[in-house]
Amino acid sequence: MGDGFGTVSTTAFFIEDGDRFVPTEAAGGYWRPNTLGGRFVGGLLGLGLERAYGASDLVPARLCVDLIKMAPKAPLQVATQIIRQGRRLLLAEAQLIADGDVVARANCLYLRETENPDSPTPQSPSWRVPSPHDLLPQPDRGHWEIRPIPADRREAHDTPRRRLAGEGDAPSSAANPPVLGPLSPFEARQAWVRETRPLVEGQAHTPFTRVALAADFASPMAHSSLGSIDYVNTDFTVYIHRLPATEWLGFDMVRHHALAGVAVGECWLHDEMGPVGTINVAAVAQRQA
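Reading the values: rules and limits
Residues numbered from 1 in each chain as written. Predicted model: local features only at pLDDT ≥ 70, side-chain atom pairs only at ≥ 80, totals over all residues. Heavy atoms only, no water. Salt bridge = Lys/Arg side-chain N within 4 Å of Asp/Glu carboxyl O. Helix = DSSP H or I, 4+ residues; strand = E, 2+ residues; numbered from the N terminus. Buried < 20%, exposed > 50% of the residue type's maximum accessible area, 1.4 Å probe, protein only. Phe/Tyr/Trp six-rings, centres within 6.5 Å; stacked < 30°, edge-to-face > 60°. Polar contact = N/O pair within 3.5 Å; in protein donor to acceptor, adjacent residues only side chain to side chain. Contact = heavy atoms within 4.5 Å. Core = buried A, V, L, I, M, F, W, Y, C linked by side-chain atoms within 4.5 Å. Axes fitted to C-alpha atoms, helices over the stretch in contact; angles between N-to-C directions. Parallel < 35°, antiparallel > 145°, perpendicular 65-115°, else oblique. Left-handed = near helix turned anticlockwise from the far one by under 90°. Nonpolar A, V, L, I, M, F, W, Y, C, P; charged D, E, K, R; others polar. Expected span 1.5 Å × (residues − 1). pLDDT = per-residue confidence, 0-100.

Our focus in this paragraph is the pattern of salt bridges. With the rule as written, the count across this model stands at 13 salt bridges. The partner of Glu25 in a salt bridge is Lys73, and the shortest N-O contact between them spans 3.5 Å. Placement of the pair is Glu25 in the loop between β2 (20–23) and α1 (38–53) and Lys73 in the loop between β3 (58–66) and β4 (77–85), with a sequence separation of 48 residues. For Glu266, the salt bridge identified is with Arg255, shortest N-O distance 2.5 Å. With Glu266 in strand β12 (residues 262–271) and Arg255 in strand β11 (residues 249–259), the pair connects residues that are 11 residues apart, well separated along the chain. For Glu266, a relative accessible area of 14% corresponds to the buried category. On the basis of relative accessibility, which here comes to 39%, the residue Arg255 falls in the partly exposed class. Residues joined by salt bridges that share partners form a network here, namely Glu145, Arg147, Arg194, Arg210 and Glu247.

Here's what the structure looks like:
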């Protein structure tokens, strides 16, 4: 199935049946049996918003997804509404509904394209890392194709960082298994990610649904220790100034802070052309069921 960027031919995550999206076996969640992963929730909410309000001159500058509860692996519906519409912006909301129960919601702020001011503001530089095509493929992770950027081939962050007590030690027997495979050290955690499955059977990815489907990836990027993932995110918020132009999305983990089981994290988002935006996530400590 061509999507303008590449070809995918594996099982989709959902089958559309009237006004319902029926999960396939590929859409299982990590934390509990018979639930959906947050990325699939984000993908469906993004799809619903784009179908209802997407336009060529509107940039979805902010997508905020609240994961109210773990969505069941069951038929789902998406309901949308406009919160505010003006000459320069449109604010819309979407709800993900399972058997009449709202399990997640999202709001998207669309900004209408115009022109940059005559007096330009300096822009932040792009990261200097290898292209995903210059990195070796990793073992199949099931849902994504991930190409971590080795520590010796990336640009280090300038922010100094002190080692925490116990950091780098082997995970305890109570730790959850990792979901991303081998990664660079914390201060150098960068990876290219490419979706290999359609979100909905028979439908190609769009640049926006690629972002909505991938954004939840920021949580394991930001909240994984060197050998486990022990935080589950409760939300994610994406800010972008443009839609991605390539199928590969680059995640650059820049921040993780946690105390008393509450964590926040941040990743910078890139495509092969340069910076796209940022993703922020909040999370709480969690044991896998």
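The discussion continues.
For any pair of aromatic rings, the description consists of the separation of the ring centres together with the inter-plane angle of the planes. Overall, the coordinates contain 4 aromatic pairs when judged by the stated rule. Judged by centre distance (4.9 Å) and plane angle (90°), the rings of Tyr30 and Trp31 are edge-to-face. Relative accessible area serves as the criterion here: at 25%, Tyr30 is assigned to the partly exposed category. Judged by centre distance (4.8 Å) and plane angle (70°), the ring pair of Phe217 and Phe251 falls under edge-to-face.

Here Ser224 lies in the loop between α3 (218–223) and β9 (231–233). Ser224 gets classed as buried once you look at its relative accessible area, which sits at 6%. From its side chain, Ser224 meets the backbone oxygen of Pro220 in a polar contact 2.6 Å long. With residues near it in sequence (within four places) discarded, Ser224 still touches Arg189, Ser219 and Ile229.

Before going further, it helps to spend a moment on the nonpolar core. Within the largest apolar cluster, 56 residues are counted, with the highest numbers of intra-cluster contacts made by Phe14, Leu49, Leu63, Phe251 and Ile279. Top contributing element to this core by residue count: α1, with 7 residues. Excluding residues that lie within four positions of it along the chain, Leu49 makes contacts with Gly54, Leu63, Thr80, Ala92, Glu93, Ala94, Ala106, Cys108 and Tyr110. Among the nonpolar cores identified, the runner-up in size contains 6 residues, and Trp127, Val129, Leu135 and Ile149 belong to it.

The next subject is the packing of α1 against helix α2 (residues 207–214). Here α1 crosses α2 at 150°, and the two axes come no closer than 7 Å. Relative to α2, the element α1 is oriented roughly antiparallel. The handedness of the crossing between α1 and α2 is right-handed. Between α1 and α2, the contacting residues are Arg39, Phe40, Gly42, Gly43, Gly46, Leu47 and Glu50 on the first element and Phe208, Thr209, Ala212 and Leu213 on the second. Tallied by class, residues from the contact of α1 with α2 come to 5 nonpolar, 4 polar and 2 charged.

Once that is clear, we can look at the pairing of strand β7 (residues 144–148). In terms of burial, β7 is largely enclosed, as 5 of its 5 residues are buried. Burial along β7 is two-sided: the residues Trp144, Ile146 and Pro148 and Glu145 and Arg147 are all buried.

End to end, α1 covers 22 Å across 16 residues, agreeing with the expected 22 Å (1.5 Å per residue, within 8%). With 13 of its 16 residues buried, α1 lies for the most part within the structure.

Attention now goes to α2. Taking burial as the measure, the 8 residues of α2 include 7 buried ones, the bulk of the element. Where α2 is concerned, the buried positions are Phe208, Thr209, Arg210, Val211, Ala212, Leu213 and Ala214.

Along the polypeptide, Arg39 turns up in helix α1. A sequence separation of 197 residues divides Arg39 from Phe236, and the C-alpha atoms of the two residues are 9.8 Å apart.

Residues of the protein chain with pLDDT of at least 70 account for 83%, and the chain-wide mean is 87. Within the model, the stretch residues 1–9 combines pLDDT values under 50 with 23 contacts to residues more than four positions away or in other chains. Contacts of residues 158–168 to residues separated by more than four positions or lying in other chains number 8 contacts, the stretch itself having pLDDT below 50.

Our next topic: unusual backbone geometry. We note that Asn34 has phi near 60°; this positive angle belongs to a residue other than glycine. Positionally, Asn34 belongs in the loop between β2 and α1. Phi angles above zero are rare outside glycine, and Ala260 is one such case at about 55°. When you line up the elements, Ala260 lands in the loop between β11 and β12.

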